[in-house]
Amino acid sequence: MATAAEEYLKKSHLLTYFKDAIAQLLEHREHNPKIIPQRFLLDYFTSVQQGNQSLHREYDYVTATPSNRRSLVKLFYQSFEPIGRRGDLLNIKEYHALLCLLCPDFPLELVQKTARIILTEDVMDCLVSFPDFLYAFQVQFVYEDFLKLCLEVYSGLLATVLRANSSQPTVVVVPTLTMSNSQRNETDALLGHQVSPDNVDARVFLSLLRDRLAVCGSHPSTDVLESVLGHRERVSYYEFITLVVKSSEVNAQLGVLPSRDALFGSSSSSAGVSKDADS
């Protein structure tokens, strides 16, 4: 059983930062033998504490911890907020180029996945506003493992329901003009309960998802997910993810970006990595 100290080290990712700090120090000393180790390490961990550690770092480092992921989102917002303020519209390749200015080997695939949340299809040349891209990117990047789990649970549930439905005898009901009102109501009810290939029962989906959150990395709390779904009876995968992206509660829990209403306020004071960002 893990001790309290081991749990703290795992949650804070301190060992990841210590290893990287030493590796960075040794690399810099090759080019500058006069570097002062104490000063270098102080600057390194100050950047981590301030949420700036992901600037100009490789993708493997940027995705190594939840805090690093949040750091890149924060840097993206602070660096390119003027684009949104001017109301400029960019395509997916242009947003990818901006991300590569912060993380040189950032993969195009993740930017395409972000666009799919907004557009629900792959349209490389379609223009997207900065706020729409920013909030969708935040969820796609910080909650990447959570979104993979959502898709896995959703696909499994949908496949199970469709298999069960296909094994039942097919009932064909053709409404006619001679039907009474009560017969028409029964027919509407029957047709309304047919399984749709485009959505699943929202409560069953949430229940299955909740059971597997323990194996997932960063994710919204179950209370927030309940709030996101509200009173919806059925939901599709992309509808659910869109609700997560637009949720002010999810945004507040992430603790990186200001609310949409305050997006173009003071970027330096509005955005910051929350102290419990790794939860």
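Preceding block: the structure.
Residues numbered from 1 in each chain as written. Predicted model: local features only at pLDDT ≥ 70, side-chain atom pairs only at ≥ 80, totals over all residues. Heavy atoms only, no water.

Caption draft 1: Spotlight on the nonpolar core. Of all hydrophobic cores here, the largest spans 64 residues; its most connected members are Phe76, Phe106, Phe146, Phe205, Leu209 and Phe240. It is helix H8 (residues 130-142) that contributes the most residues to this core, 9 residues altogether. With near-sequence residues (within four places) excluded, Phe76 lies in contact with Glu81, Tyr95, Leu98, Leu99, Leu102, Phe130, Phe133 and Leu134. Judged by nonpolar contacts, the second largest core, of 5 residues, contains Tyr17, Ala21, Tyr44 and Tyr61. (Core = buried A, V, L, I, M, F, W, Y, C linked by side-chain atoms within 4.5 Å. Buried < 20%, exposed > 50% of the residue type's maximum accessible area, 1.4 Å probe, protein only. Helix = DSSP H or I, 4+ residues; strand = E, 2+ residues; numbered from the N terminus. Contact = heavy atoms within 4.5 Å.)

Caption draft 2: Representation of the pattern of salt bridges within the structure. The final tally for this structure, using the stated rule, is 13 salt bridges. Arg57 is the salt-bridge partner of Glu58, the closest N and O atoms lying 3.1 Å from each other. Residue Glu58 is classed as partly exposed on the basis of its relative accessible area, which comes to 35%. Given a relative accessible area of 10%, Arg57 falls into the buried group. Salt-bridge contacts for Glu144 lead to Arg69; the nearest nitrogen and oxygen are separated by 2.9 Å. With Glu144 in helix H9 (residues 144-166) and Arg69 in helix H5 (residues 66-86), this pair connects stretches of sequence that are 75 residues apart. As far as burial versus exposure is concerned, Glu144 and Arg69 are alike and both buried. Where salt bridges share partners, they join Asp20, Arg57 and Glu58 into one cluster. (Salt bridge = Lys/Arg side-chain N within 4 Å of Asp/Glu carboxyl O.)

Caption draft 3: How the structure looks around the packing of aromatic side chains. Using the criterion set out here, one finds 17 aromatic pairs in the structure. Centroid distance Tyr154 to Phe205: 6.1 Å. Interplanar angle 85°. Geometry classified as edge-to-face. Of this pair, Tyr154 sits in helix H9 while Phe205 sits in helix H11 (residues 202-212), and the two are 51 residues apart along the sequence. Neither Tyr154 nor Phe205 differs from the other in exposure class; each is buried. Considering the side-chain rings of Tyr237 and Tyr238, the 5.0 Å spacing of their centres and the 75° angle between planes classify their relative orientation as edge-to-face. Through successive ring pairs, a cluster of aromatic residues spans Tyr59, Phe76, Phe80, Tyr95, Phe106, Phe130, Phe133, Phe137 and Phe141. (Phe/Tyr/Trp six-rings, centres within 6.5 Å; stacked < 30°, edge-to-face > 60°.)

Caption draft 4: Just unusual backbone geometry, in detail. Positive phi values are uncommon outside glycine, yet His13 reaches one of about 60°. Within the secondary structure layout, His13 lies in the loop between helix H1 (4-12) and helix H2 (14-31). Of note, His56 is a non-glycine position whose phi angle comes to about 60°, a positive value. Mapped onto the elements, His56 comes out in the loop between helix H3 (37-50) and helix H4 (59-62).

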